[in-house]
Each structure stands twice: as C-alpha cells, then as structure tokens.
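Observations on the model geometry
One letter stands for each residue in the lines below.
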Amino acid sequence: MNTPQAASLEPATQATTASEVVVSVRGLTKVFKDFWGRPKARAVDGVDFEVRRGEVFGLLGPNGSGKSTTVKMLLGLLHQTKGHIEVFGHSPRHVLTKSRIGYLPEESYLYRYLNSGETLDFFGRLFELPAGERRQRAEQLIEMVGLSQARTRSVGEFSKGMQRRIGLAQALINDPDLIILDEPTSGLDPIGCREVKDLILALARRGKTVILCSHLLADVEDVCDRVVIYYGGRIQAMGPLGDLLANRESVRITTPALPRETLRQVLEVIRRDVAEDKIRVDNPTQNLESYFLEVVRQARANASATSGATSDNRVAAYLRADASPEKAGDKLLERLTQARPAETAPAPSPVASAPVPALETGRLAALTGKSPAPAPVETAPAVSAPAPAREADLKQANEKLSALLGKKPQ
Ligand SMILES: Nc1ncnc2c1ncn2[C@@H]1O[C@H](COP(=O)(O)OP(=O)(O)OP(=O)(O)O)[C@@H](O)[C@H]1O
Ligand SMILES: [Mg+2]
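Residues numbered from 1 in each chain as written. Chains lettered and ligands numbered in written order. Predicted model: local features only at pLDDT ≥ 70, side-chain atom pairs only at ≥ 80, totals over all residues.

**Examining the overall build of the protein**
Defined as follows: Each helix corresponds to a stretch of at least 4 residues labelled H or I by DSSP, and each strand to a stretch of at least 2 residues labelled E; elements are numbered beginning at the N terminus. Counting other C-beta atoms within 10 Å of each residue's C-beta, where C-beta atoms are placed from the backbone, gives the exposure class: buried for 20 or more, exposed for 12 or fewer, partly exposed between.
Within the protein one finds 15 helices and nine strands. Buried residues in the protein amount to 43% of all 410 residues.

If you want it as structure tokens, here you go:
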C-alpha cells in the first residue's frame, strides 16, 4: 500500500506537491437519453470525490453501477449531464490533460497482425516520441510485462493474459501521470496479478496516481489507499480502506509463538475482563496468493522444471525516472481516441457515440515488473501471422498515423 513514508522518498514533480488534487469530481451526473431525448438510464447520480497525487484509488460497485461511465467522463470521452470534473486542474477535454493520462480499457483494441514491438511503436508514434526513445521504451516495457519471449508473435494470437500485458505496456508508453485501469488483472495468472499489483504500488510510490476499477476485491484490498463503492450510480461508501474495514469491536494482538506458560498467564489476565466464550486464540493464516507465490519461489530456488515464467519485478527504467507534468505529446490521447484499428475493434460499446478510446488499451499498463511469460509463448514460431495480413496491418497503421499526425506515410 502506498504509504506517506514511501511517497516522501520520491522527488516532487515540477509544480506538484504530495497533496496535489489530481482528480476532482463534484455533483457528477450522467443520464443516458433515448432517441427522443427521454431519460433512459441514470448511470451516475450526484457523485463527489477527489483523488490526490500518488494515491491508488479504487472504483468499486456491482455491474451497471456507473464505474465505466464515470471513467469515460474522467477521460473526456463522455459529457456529463450535470456536475463538474477537473483533471490536473483542467477540463478532461484539455489536450495537455489527455496527454498525461494512461488508460487500460476492459477490452484491448489492437492491430492483430502487428507484434509487440510494432504495437508499442505505433502508439509511441501517436505520442510523437522520437524513434530512439520509442525503441527504448518498447524494449523496457516488453521486458517489464514479461513478453520478451513472445516479442515477434502477432498480438492477435496472444492469450487473454498476454493481451492484458501488452495492453498494460501500451498504456504506459507515454509515461502518464494518471493511470486509469479497468480490470487490469483480469485474465492474468497469480504471478502476473501480483506483479501488476506491485507495479501499481511502484508507480504510486513514484508519484503517479492510479484509479482502478475491479471486481477482484482481494486485489483492491492489496493496492488501494482509498475506495468508493457505487450502487445505482451513487456513492454508498467512501474512505481509506483501513477505516472502512477496521472492526473496532475487537482487538488483535499478534506475537511470535509463545511458551505455553506465558500464554496461560496472558489468558488469565484477559479473562478478568472478557467472558471465556468471547476469547479466540489461533494461528494467523496467510492468504492463498502468498502461499502460492511461496510455492513457486521454492520451486524456482530448487531449479524445478518450469514452463518458463520468470519474474524479477523490474519496472521499466524510464518509468523509474521522475516525470515532468509538462512532458509529452500534447495530442496523445486525442489521437489515441481516433486511432483504433477498425478491423480488429470489438463491437461498438454502448457509448459509441463518444469517441472511443482508441487506445483504450493502453496507457496504463505499466504496471508491473516483468511477469512470467506464459508457456506457449516460448515454443511458438517466431512470426506466425500470414505475411499479406501483416503487411496490410502495418500499412493501415502507418496510414492511420499519417492521417492523425498530418504527415505523409513513411
Ligand atoms: N451508452 C449508453 N446508453 C445507455 N445506457 C448506458 C450507456 N452506457 C452505460 N449505460 C447504462 O449506465 C449504467 C451504468 O453502466 P456502466 O457501464 O457505467 O456500469 P459499470 O459499473 O461499469 O458496470 P460493469 O461492472 O458491468 O462494468 C447501466 O445501467 C448501463 O446500462
Ligand atoms: Mg464497466
């Protein structure tokens, strides 16, 4: 969890302070209307919250409670019906604001015949990163998300977890200051999940702000500083997780194992104030995730045969450097929202009337250190996409970029 102590170790970015409000939402309301302008769904209803720099903020709630609608308004992809939103002190539609946001949508939007490096290069060009920097970042990100072994394969062949990983890499290519992740750990194996969570924490320690939508409450509990819980478009609960989850009716004292006599004496003292049937003495249990990770760690230490996943939790070097708020491609997200590869895009979402986040796949991923590459990746042929299809994808991506950047195709 992001701690004040950890945050204080990080240098402040230009014109920011540890308590900077990155996102401010007041009275936010979104009513979807039907063809005749009649209210159809009140997706978000009078919501207020703030997210500060370096926080990991969880957006929770059942299906249809308004999380994605809120995120789309934060990204400037949907207009609110009422209320006020500021991101980095500006409207979410401000181009500089957009360039500082990374977004990992629930579904990836990728050119299926491009490989990992080409995919990241495409998005790096949207941000107008110089060629050398694009290459360097792509290398570091591919390594970080554990796809080195699969770098020459087409992303269209990737498993769900692998697509999530390249999506995360794509989301981080512009080194965003605010990272919005929609179900970042969905489809990832337990090691990948842990790494994504560690990456989120590492990013937050470096002063990045993370907003996380997830139905995986254990993951939320592991990384979030504060959460809001939606129901029916309204906030039902909000606060630091420690406050929301603390049971103030009980006290727990944890010590190393005690000699029997010491324990007897302690219980004797407690029984003076508390009825016998209210006292519980047991051994704390670890959660399944830490148990699983320990088993894998031991297996590695014993050099057991493995399908090849390796992990060292490294964060891409450029993400370890402190980010300047003014850096980066002014047109980024703007372009991203127009750059979605048409032929591979999933069916239009219910909000298709708004510019769809092209990149929806993107920005955030940075999450984790390198995660173990899934086994099939290592044994697959180097390039399996049919050459004409791959050529067509490259050509189309190049043309799209040229159109967006106003340059001749390269
Ligand atoms: N474009 C749209 N047109 C009409 N209604 C919409 C549109 N987009 C979302 N809604 C409605 O708004 C409400 C909130 O949807 P939203 O996608 O924000 O929920 P969510 O909390 O993200 O759910 P999930 O956990 O399933 O992703 C739902 O009732 C949904 O049907
Ligand atoms: Mg949603």
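**Details of the sheet that holds strand 6 (residues 178-182)**
The following threshold applies: Strands pair, by our definition, only if DSSP identifies at least two bridges between them. Only the contacting stretch of a helix is used when fitting its axis, a line to C-alpha atoms as for every element, and angles between N-to-C directions run 0 to 180 degrees. The contact criterion used here is simple: two residues whose C-beta atoms, placed from the backbone, lie within 7 Å are in contact.
Taken in spatial order, the six strands of this open sheet run 5-6-7-3-8-9, and their pairing is mixed. Strands with a single pairing partner mark the edges of an open sheet, and in this sheet they are strand 5 (101-104) and strand 9 (234-240). Along the sheet, successive strands turn relative to each other by an average axial angle of 15°, direction set aside. In this structure, strand 3 (residues 56-60) lies alongside strand 8 (residues 226-231), joined through four bridges in parallel fashion. For Leu59, the partnering residue across the bridge sits in strand 8 and is Val228. In this fold helix 6 (residues 160-172) packs onto strand 5 and strand 6, with an angle of close to 170° to the strand it touches most, strand 5. Where helix 7 (residues 190-205) meets the sheet, its contacts fall on strand 3, strand 6 and strand 7 (209-213), and the angle it forms with strand 7 comes to roughly 150°.

**Examining the site of ligand 1**
Counted only if it meets this: By definition, a residue lies near a molecule or strand provided its backbone-derived C-beta atom is within 6 Å of it. By the convention adopted, Pro, Cys, Tyr, Trp, Phe, Met, Ile, Leu, Val and Ala count as nonpolar, Lys, Arg, Asp and Glu as charged, and the other residues, Gly among them, as polar.
Of all residues adjacent to ligand 1, which total 14 residues, the nearest are Phe32, Ala43, Asn63, Ser68 and Thr69. When contributions to the shell around ligand 1 are tallied by element, the ones reaching two or more residues are strand 2 (39-52) and helix 2 (67-74). The residue makeup of the shell around ligand 1, split by class, is five nonpolar, seven polar and two charged.

**A word on helix 6**
Spelled out, the test is: One fewer than the residue count of a helix, multiplied by 1.5 Å, yields its expected span.
If you check helix 6, its first and last C-alpha atoms are 19 Å apart, about what 13 residues at 1.5 Å a residue would give, namely 18 Å. The element helix 6 is largely enclosed, with a buried count of ten among its 13 residues. Turning to helix 6, its buried residues number three or more, namely Met162, Arg164, Arg165, Ile166, Gly167, Leu168, Ala169, Gln170, Ala171 and Leu172.

**So, the packing of helix 4 (residues 116-126) against helix 6**
As a reminder of what qualifies: By definition in this entry, angles of less than 35 degrees are roughly parallel, angles greater than 145 are roughly antiparallel, angles of 65 to 115 are roughly perpendicular, and the rest are oblique. Working rule for handedness: look at the near helix, and if it is turned counterclockwise from the far one by less than a right angle, call the crossing left-handed; if clockwise, right-handed.
Where helix 4 contacts helix 6, the two axes come as close as 9 Å, and the packing angle between them is 30°. In this view, helix 4 runs roughly parallel relative to helix 6, as classed from their interaxial angle. Judged by the sense of rotation from one axis to the other, the crossing of helix 4 with helix 6 is right-handed. Every residue of helix 6 that contacts helix 4 at Ser116, Thr119, Leu120 and Phe123 is listed here: Ile166, Ala169 and Gln170. Within the contact of helix 4 with helix 6, the residues separate by chemical class into four nonpolar, three polar and no charged.

**Structural notes on the sheet that holds strand 4 (residues 82-87)**
Pairing within the open sheet is antiparallel, and its three strands lie in the order 2-1-4. Both edges of this open sheet fall to strand 2 and strand 4, since each of them pairs with a single strand only. When strand polarity is set aside, the average angle formed by the axes of neighbouring strands in this sheet is 20°. Taken together, the five bridges between strand 1 (residues 21-33) and strand 4 define a ladder with antiparallel strand orientation. When the bridges of strand 4 are listed, Arg26 appears paired with His84. Its contacts with the sheet place helix 2 against strand 1, strand 2 and strand 4, and it is angled at close to 120° to strand 1.

**Notes on the environment of Pro388**
Positionally, Pro388 belongs in helix 15 (residues 387-405). Accessibility expressed as a C-beta count within 10 Å gives 9 for Pro388, which makes it exposed. Separated by 275 residues in sequence, Pro388 and Tyr113 have C-alpha atoms that sit 9.6 Å apart.

**A word on the environment of Thr69**
With respect to the secondary-structure elements, Thr69 resides in helix 2. Using a count of 24 C-beta atoms within 10 Å as the deciding quantity, one classes Thr69 as buried. Along the chain, Thr69 and Gly233 lie 164 residues apart, while their C-alpha atoms are 9.2 Å from each other. Beyond its immediate chain neighbours, meaning those up to four positions away, Thr69 contacts Lys30, Ala43, Val44 and Leu78.

**Points about the pairing of strand 6**
In terms of residue burial, strand 6 counts as a mostly covered element, since five of its five residues are buried. The alternating pattern of strand 6 places Leu178, Ile180 and Asp182 and Ile179 and Leu181 on opposite faces, both of which are buried. Relative to strand 6, strand 5 runs parallel, the two sharing four bridges. The residue of strand 6 that forms the bridge with Tyr103 is Ile180. Bridge analysis of strand 6 against strand 7 gives five bridges, and the strand direction is parallel. In the sheet register, Leu178 faces strand 7, and the bridge partner there is Thr209.

**Description of the confidence of the model for the protein**
Stated formally: Residue-level confidence of the predictor, termed pLDDT, takes values from 0 up to 100.
Mean pLDDT for the protein: 77, with 74% of residues reaching 70 or above. Per-residue pLDDT stays below 50 along residues 306-310; that stretch engages in nine contacts with residues further than four places along the chain or on separate chains. Overall, residues 323-384 carries pLDDT values under 50, and its contacts beyond four positions in sequence, including any with other chains, amount to 208 contacts.

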